[in-house]
Amino acid sequence: MGGITEAEVAAATGPIDQIVMHEIVRTGASPLELRRALSLARGRADLAADSALPPHMQRLVDLLAVTLPEQGPSRPSRDGTRGVGRAA
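Residues numbered from 1 in each chain as written. Predicted model: local features only at pLDDT ≥ 70, side-chain atom pairs only at ≥ 80, totals over all residues. Heavy atoms only, no water.

A few points about the overall build of the protein
Helix and strand content of the protein: four helices and zero strands. The order of α-helices and β-strands along the protein, N terminus first, is α-α-α-α. Across the 88 residues in the protein, those meeting the buried criterion constitute 26%. Intrachain contacts of the protein at a sequence separation of at least 6 include 56% that bridge at least 24 residues. (Helix = DSSP H or I, 4+ residues; strand = E, 2+ residues; numbered from the N terminus. Buried < 20%, exposed > 50% of the residue type's maximum accessible area, 1.4 Å probe, protein only. Contact = heavy atoms within 4.5 Å.)

Put into structure tokens, the structure is as follows:
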């Protein structure tokens, strides 16, 4: 089985930066590894159970985590507020 293609990444992530797309494909991950990494990056999988990820998988999770829209509760911004456009 070969590594993932740009088309497979785009189908899984939606539109992303071309440089990041290239780096994701360069990891050589399989489609199954892409699905697992997406789950980890979105916080839907138990990261503790996957704490010993191979280097290419850790790179894939890192790339996806910074690329995907934030999932879950919003984090505080620099001024201490949460989210954008929320009333105080």
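So much for the structure itself; the text now carries on.
Points about helix H4 (residues 55-67)
In this model H4 runs 18 Å from its N-terminal to its C-terminal C-alpha over 13 residues, within 8% of the 18 Å that 1.5 Å per residue would give. Within H4, the full set of buried residues consists of Met-57, Leu-60, Val-61, Leu-63 and Leu-64. Each buried residue of H4 lies within a common arc of 165° when the element is viewed along its axis, so the set occupies one face. In this structure, H4 carries Pro-55 and Val-66 as exposed residues pointing more than 90 degrees from its buried face. Where H4 is buried, its residues touch helix H1 (6-13), helix H2 (18-26) and helix H3 (31-41). (Expected span 1.5 Å × (residues − 1). Arc of directions from axis to C-beta.)

Concerning H2
All of the buried residues along H2 are Val-20, Met-21 and Ile-24. Projected down its long axis, H2 carries its buried residues within an arc of 105°, all on one side. In this structure, H2 carries Ile-19 and Arg-26 as exposed residues pointing more than 90 degrees from its buried face. As for H2, its buried residues are in contact with H1 and H4. Among the residues of H2, the N-terminal cap falls to Asp-17, whose side-chain oxygen and the backbone nitrogen of Ile-19 are separated by 2.9 Å. Immediately beyond the C-terminal end of H2, within one or two residues, lies Gly-28, with a positive phi of roughly 75°. (Polar contact = N/O pair within 3.5 Å; in protein donor to acceptor, adjacent residues only side chain to side chain.)

Some thoughts on the pattern of salt bridges
By the definition in use, this model includes two salt bridges. Notably, a salt bridge pairs Arg-26 with Glu-23, separated by 3.1 Å at the nearest N-O pair. Taken together, the positions of Arg-26 and Glu-23, both in helix H2 and three residues apart, correspond to about one turn of that helix. What makes Arg-26 exposed here is its relative accessible area of 58%. In this structure, Arg-59 and Glu-23 form a salt bridge, with 3.1 Å as the shortest nitrogen-oxygen distance. Of this pair, Arg-59 sits in helix H4 while Glu-23 sits in helix H2, placing them 36 residues apart in sequence. Through salt bridges with shared partners, one network takes in Glu-23, Arg-26 and Arg-59. (Salt bridge = Lys/Arg side-chain N within 4 Å of Asp/Glu carboxyl O.)

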